[in-house]
Amino acid sequence: MYAPTSAPAPSPWYKQLWPWILIGILTCSVSLTLSMVVIAVKNPDNLVNDNYYEAGKGINRSLDRERLAQSLKLRASLHLDEVTGELELRLSGNSQPDSLQLNLMSPTQPEKDRKIVLNRSPSEAGRYIGQLPDKIEGRRFVELMGVENGQTWRLFEEEQVSHLKDLTLGDEPIQGAEDIDN
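Let me sum up the structure you'll find in this document. Everything numeric here is computed off the predicted structure, so don't read it as measured data.

The rules behind these values
Residues numbered from 1 in each chain as written. Predicted model: local features only at pLDDT ≥ 70, side-chain atom pairs only at ≥ 80, totals over all residues. Heavy atoms only, no water. Pairing = 2+ DSSP bridges. Helix = DSSP H or I, 4+ residues; strand = E, 2+ residues; numbered from the N terminus. Axes fitted to C-alpha atoms, helices over the stretch in contact; angles between N-to-C directions. Core = buried A, V, L, I, M, F, W, Y, C linked by side-chain atoms within 4.5 Å. Buried < 20%, exposed > 50% of the residue type's maximum accessible area, 1.4 Å probe, protein only. Contact = heavy atoms within 4.5 Å.

Describing the sheet that holds strand S8 (residues 167–169)
Inference 1: Read from one edge of the open sheet, eight strands run S7-S6-S3-S4-S5-S2-S1-S8, paired in antiparallel fashion. Each edge of the open sheet is held by one strand with a lone partner, namely strand S7 (151–161) and S8. Sheet twist, expressed as the average angle between the axes of neighbouring strands with direction ignored, equals 25°.
Inference 2: Summarising the sheet, strand S3 (residues 99–105) and strand S4 (residues 114–120) pair through six bridges and their orientation is antiparallel. From the neighbouring strand, Ser 99 faces S4, where its bridge partner is Asn 119.

Below, the structure written as structure tokens:
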């Protein structure tokens, strides 16, 4: 007689392939989720403004300053010298303040924003000179501000900043200020 053959005993779960594949997928998911949480906590999004009403009032003030610049017929040409870091601005129109403030703002990285004070050249009318702290390139919001008769004017445009080409401000129409004659 033949003895009945017994089925081989199943091996324990930890010796099987499929449980380890499932555990590996879950471990990767948890570690990636924790990595994303750490990145989100260390690099918060600072582009959101909680006070929309104040931001809206600020937009109206900015538009008034841009309208003033347009009524003064202001135009500016900006040259960046890569070697010396000198910034030369030529301003034409009905305003020649002693100094100007130039803001070069990155749309997404506030740490790359730069404020430069430009002083009027004593020898040449309409020429302003300032010093760049470091090399600036890429897409920027360029804001030039000055004061005429106690009122602040502003030229503001989005430009591709490069040492290879000069920037021109005041050459584009201002949205919302089309009713002023040039």
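Thoughts on the pairing of S7
Inference 1: By the bridge criterion, 11 bridges tie strand S6 (residues 138–148) to S7 in an arrangement that is antiparallel. Looking across to S7, one finds that Arg 140 is bridged to Glu 159.
Inference 2: The turn joining S6 and S7, which pair antiparallel and follow one another in sequence, is formed by two residues; a positive phi near 55° is taken by Asn 149.

With respect to the nonpolar core
Inference 1: In this structure, Leu 89, Leu 102, Leu 118, Leu 144 and Trp 153 are the most contacted members of the largest nonpolar core, which totals 25 residues.
Inference 2: Listing elements by their share of this core, those giving two or more residues are helix H2 (52–71), strand S1 (75–80), strand S2 (86–92), S3, S4, S6, S7 and S8.
Inference 3: With sequence-adjacent residues up to four places away left out, Leu 89 is seen in contact with Ala 76, Ser 77, Leu 78, Leu 100, Leu 118, Gly 126, Arg 127, Tyr 128 and Leu 144.

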